[in-house]
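Coordinate analysis (summary)
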Amino acid sequence: MKYIDEFRDGAAARGLARQIAQETRPDREYRLMEFCGGHTHAIYRYGVPDLLPPGVRMIHGPGCPVCVLPIGRLNMALELVARPQVTLCSYGDMLRVPGSGGQSLLKAKAAGADIRMIYSAADALALAQRHPDREVVFFAIGFETTTPPTALVIQRAAELDLPNFSVFCNHVLTPAAIAHLLAAPEARALDAVPIDGFLGPAHVSVVIGSRPYEGFARDHRKPVVISGFEPLDVLQSILMLVRQLNEGHTEVENQYTRAVTRDGNLKAQRLMAEIFEPRPVFEWRGLGLVPHSALKIREPYARFDAERRFPLTYQAAPEHRACQCGAILRGVKKPTDCKLFDVVCTPENPLGSCMVSSEGACAAYYRYGRYQGAA
Amino acid sequence: MSAPRTRHSFAGPLDFESGLVELGHGSGGRAMAQLIEELFATAFRNPWLDQRNDQACLELPPGRIAMTTDSYVVSPLFFPGGDIGSLAVHGTVNDLAMAGAWPLHLSAGFILEAGFPLADLKRIVASMAAAARAANVTIVTGDTKVVERGKGDGVFINTTGIGVIPDGVQLSGDRARPGDLILLSGSIGDHGVAVMSQRAGLEFETTLQSDSAALHELVAAMVAAAPGLRCLRDPTRGGLATTLNEIAVQSGVGIVLREAAIPIKPGVAAACELLGLDPLYVANEGKLVAICPPEDAERALAAMRPHPLAAAAAVIGTVREDPHHFVTMETTFGGNRLVDWLSGEQLPRIC
């Protein structure tokens, strides 16, 4: 495939790996967090850890929308599908996430609930138009990447004055989460996360640009390199982070220049601001309550807000007692540190959200990296 | 070639242009007799069906007999490179062939949904008959049931097949040994992507065709050329990754693949990229994996490559000792990764 294979080239990878090995100093560690699940997935799928010197350690961050959604929010979706008039449209990954009492959307579907797996927000809108007798609810999850399409379908539903369409909005914000990881006193009290630098998100940054990371890099003195999702992008970004750390720099650098600008996609940002406003606080799985880290639908569009339409109220719900998803999402523990990993928690029977999504650290490690521990 | 036939008092011939399947077509009465007469018995015509008995009485050649069954629920029913009818022949013929068996006879069970267009059914049956003729197998017995509208999805087909295994041929998934080589007959993922490209909600344009094909002639050539052949399997549902994991567990070994050696068509790679799929897990219907000792590999490849269904045959990996029975892969990128079992359903109703 033109324009993709070039970013997966083995010879170029070996060259970059050599350079990283040459430039890392033996007297220090480089603890780098890739925020995005997309990076975690690429790192394991292409075997990137095999190419890194022992001093460079990748810490997997919370950038997986399925993984960070707390059980309480999933329970709300389960509550929705219990209503006979509701058709819930969801991205596939969400279906297998276990909610309270071992319930999941997939189990609810098997028991007769009307749940459709869709590939885009537009599919949900089209379904509502085709079935005026059904209350079609779009289960919207994701970071700034999937938010503009959700905003667009709400805007379109308003134009059409569609009476049977609403959105259960769970969109979350990347910069707030990164800042919280380092800054929040709660997080520090839980466990000090030693992170030297960040691999910044690819697709999220296409939308929000590189500017939102600038204040954060300056205040917390941590370099950020915005990185593409292809494995060569990841290796090159690691090299850029190693160089910044060696030179004592703490800048926002953009490796993904073929798609990311400093200001991002202003049209998408305006659209998001038109439809959504920040929630005062939102619970993240693993991170707890994070202020201004999620979006809700603005008042003029309230009739498309499933939370107000039905209505739904959020109740925090406990995790499985031994599940380490929280600590794994904070980068404090590795998947193999969890007693449940590969014992009772597997992709077939996930107990925690990190085992469900292909972007989750546990699923990526289970699927691609597990042989290393066993060898 | 038409044998003398009892005249039935059907009101008129079936309307294969605009007629629909009705509940009566599965009732065992006159309507069903007419459907069998005018469609199935005509298309599949052979001495066993001509006897119009409830069973076929077969004389089989000497040797071990292989038997297999498979149900076909593919959606959509027609896809580039095939349809549920040809698939129902190829899939079962291939399951026999993977034991080294020469396929002889099939049964065909149809579950039809009331309201299904007779024109589509005729097209499917014609395609099934053509596939059977091409594979030199006969459909010797069958069954038709009709379910109410909304209780099925057009048509489901079950085929059972029997074949005879030549003396001395001993192929089984538990015979892989450390040091053996893994051969693949051609590019992977063609069938799954061709079917997906037609799915409602996903339609994308592609020139790709399903690889659906009968593999028994290829197998016969391989078995003759490489007597040391240990195991054959067709990587259908779950794809190459799942097939190799099954063999690794059955044989109690590990497997190492070389990503660069696995043929994938650019169109398949692009579609998988777009849909977030891994071609290693996408279904094939006309490919096989062979495991043999290194000394047989060249002979097997030499027998495969002249065959049109295996022109791109290649050695894609090796068998090794591994108490965990892992399948791993050296990536083109230069790293290693696990190639795990398929989890969940990546592509439902692909065959």
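Residues numbered from 1 in each chain as written. Chains lettered and ligands numbered in written order. Predicted model: local features only at pLDDT ≥ 70, side-chain atom pairs only at ≥ 80, totals over all residues.

Considerations on the overall build of chain A
- For chain A, the helix and strand inventory stands at 16 helices and 13 strands.
- The C-alpha atoms of chain A give a radius of gyration of 21 Å, which matches the 21 Å a tight globule of 375 residues would have.
- Taking the principal axes of the C-alpha coordinates as reference, chain A spans close to 65 × 45 × 45 Å.
- Every one of the 375 residues in chain A was classed for burial, and the buried ones make up 53%.
- When contacts within chain A are restricted to residue pairs at least 6 apart in sequence, those whose partners lie at least 24 apart make up 77%. (Helix = DSSP H or I, 4+ residues; strand = E, 2+ residues; numbered from the N terminus. Rg over C-alpha atoms; globule rule 2.2 N^0.38 Å. Buried ≥ 20, exposed ≤ 12 C-beta atoms within 10 Å, placed from the backbone. Contact = placed C-beta atoms within 7 Å.)

Describing the overall build of chain B
- A count of helices and strands for chain B gives nine helices and 13 strands.
- For a compact globule of 351 residues, the expected C-alpha radius of gyration is about 20 Å, and chain B comes in at 22 Å, within 12% of that figure.
- In terms of principal-axis extent, the alpha carbons of chain B reach across some 70 × 50 × 35 Å.
- For chain B, with 351 residues in total, the buried portion stands at 48%.

Some thoughts on the sheet that holds strand β13 (residues 336-338) of chain B
All names here are of chain B.
- One open sheet accounts for seven strands, arranged β8-β10-β7-β11-β9-β12-β13; its pairing is mixed. The sheet terminates laterally at β8 (231-233) and β13, the two strands that pair on one side only. Each adjacent strand pair in this sheet contributes to an overall mean axis angle of 25 degrees, direction not counted. (Pairing = 2+ DSSP bridges. Axes fitted to C-alpha atoms, helices over the stretch in contact; angles between N-to-C directions.)

Digging into the interface of chain B and chain A
- Taken together, the contacts link 20 residues of chain B with 25 residues of chain A.
- Elements represented by at least two residues in the side of chain B that touches chain A include exactly α8 (266-275) and β13 of chain B.
- The greatest single-element share of the side of chain B that touches chain A, amounting to four residues, is contributed by α8(B).
- Of the residues contributing to the side of chain B that touches chain A, the split by class is seven nonpolar, ten polar and three charged. (Nonpolar A, V, L, I, M, F, W, Y, C, P; charged D, E, K, R; others polar.)

Thoughts on the environment of A:R96
All names here are of chain A.
- Its place among the elements puts R96 in the loop between β3 (86-91) and α5 (105-110).
- Looking at R96, the number of C-beta atoms within 10 Å reads 21, which means it is buried.
- For R96 and P347, which are 251 residues apart along the polypeptide, the C-alpha to C-alpha distance reads 9.2 Å.

Things to note about unusual backbone geometry
- The omega torsion across A:F310 and A:P311 is -25 degrees, close enough to zero to call that bond cis.
- Positionally, A:P311 belongs in the loop between α14 (306-309) and α15 (325-329).
- Of note, the amide linkage connecting B:S75 to B:P76 takes the cis form, showing an omega dihedral of 0 degrees.
- With respect to the helices and strands, the residue B:P76 is situated in the loop between β1 (64-72) and β2 (78-79).

With respect to the domain arrangement of chain B
All names here are of chain B.
- Along its sequence, chain B is carved into domain 1 (23-165) and domain 2 (181-338).
- Each of domain 1 and domain 2 was reduced to a C-alpha centroid, and the two centroids are 27 Å apart.
- The interface of domain 1 with domain 2 comprises 19 residues on the first partner and 22 residues on the second.
- Sorting the residues of the side of domain 1 that touches domain 2 by element identifies α3 (84-97), β4 (102-113) and α4 (118-135) as the ones contributing at least two each.
- If one sorts the elements of the side of domain 1 that touches domain 2 by residue count, α3 sits on top with seven residues.
- Across the side of domain 1 that touches domain 2, the residue classes break down as twelve nonpolar, seven polar and no charged. (Domains from an automatic or database assignment.)

Re the packing of helix α6 (residues 121-130) of chain A against helix α7 (residues 147-160) of chain A
Residue and element names in this part refer to chain A.
- Their axes nearest at 8 Å, the elements α6 and α7 cross at an angle of 25 degrees. The orientation of α6 with respect to α7, classified from their angle, is roughly parallel. Where α6 crosses over α7, the two elements pack in a sense that is right-handed. Side by side, α6 and α7 meet where A121, A122, A124 and L125 of the first sit next to P149, T150, V153, R156 and A157 of the second.
- Partitioned by chemical class, the residues of the contact of α6 with α7 number seven nonpolar, one polar and one charged. (Parallel < 35°, antiparallel > 145°, perpendicular 65-115°, else oblique. Left-handed = near helix turned anticlockwise from the far one by under 90°.)

Re the domain arrangement of chain A
Residues and elements named next belong to chain A.
- Looking at the assigned domains, one finds that chain A contains domain 1 (5-66 + 184-254), domain 2 (68-174 + 265-279 + 291-309) and domain 3 (325-367).
- With centres defined by C-alpha atoms, the gap from domain 2 to domain 3 works out at 25 Å.
- Listed per partner, the contact involves six residues of domain 2 and six residues of domain 3.
- Across the side of domain 2 that touches domain 3, the residue classes tally to four nonpolar, no polar and two charged.

Focus: the sheet that holds strand β2 (residues 56-63) of chain A
Residues and elements named next belong to chain A.
- As summarised here, the arrangement of the five strands in space is β2-β1-β7-β8-β9, forming an open sheet in which the pairing is parallel. Every interior strand has two partners, whereas the edge strands, β2 and β9 (252-254), have only one. The mean inter-strand angle of the sheet, taken between neighbouring strand axes irrespective of direction, is 25 degrees.

Concerning the packing of α7(A) against helix α13 (residues 266-275) of chain A
All names here are of chain A.
- Where α7 meets α13, the closest approach of the two axes is 9 Å, and the angle between their N-to-C directions is 55 degrees. Relative to α13, α7 is oriented oblique. The handedness of the crossing between α7 and α13 comes out as left-handed. Here T147, P148, A151, L152, I154 and Q155 of α7 lie close against α13, whose contacting residues are A268, L271, M272 and I275.
- Looking at side-chain class alone, the contact of α7 with α13 contains eight nonpolar, two polar and no charged residues.

Some thoughts on helix α2 (residues 37-45) of chain A
- For α2(A), the tally of buried residues reaches nine of nine residues, placing the bulk of the element in the interior.
- Within α2(A), burial applies to A:G37, A:G38, A:H39, A:T40, A:H41, A:A42, A:I43, A:Y44 and A:R45.

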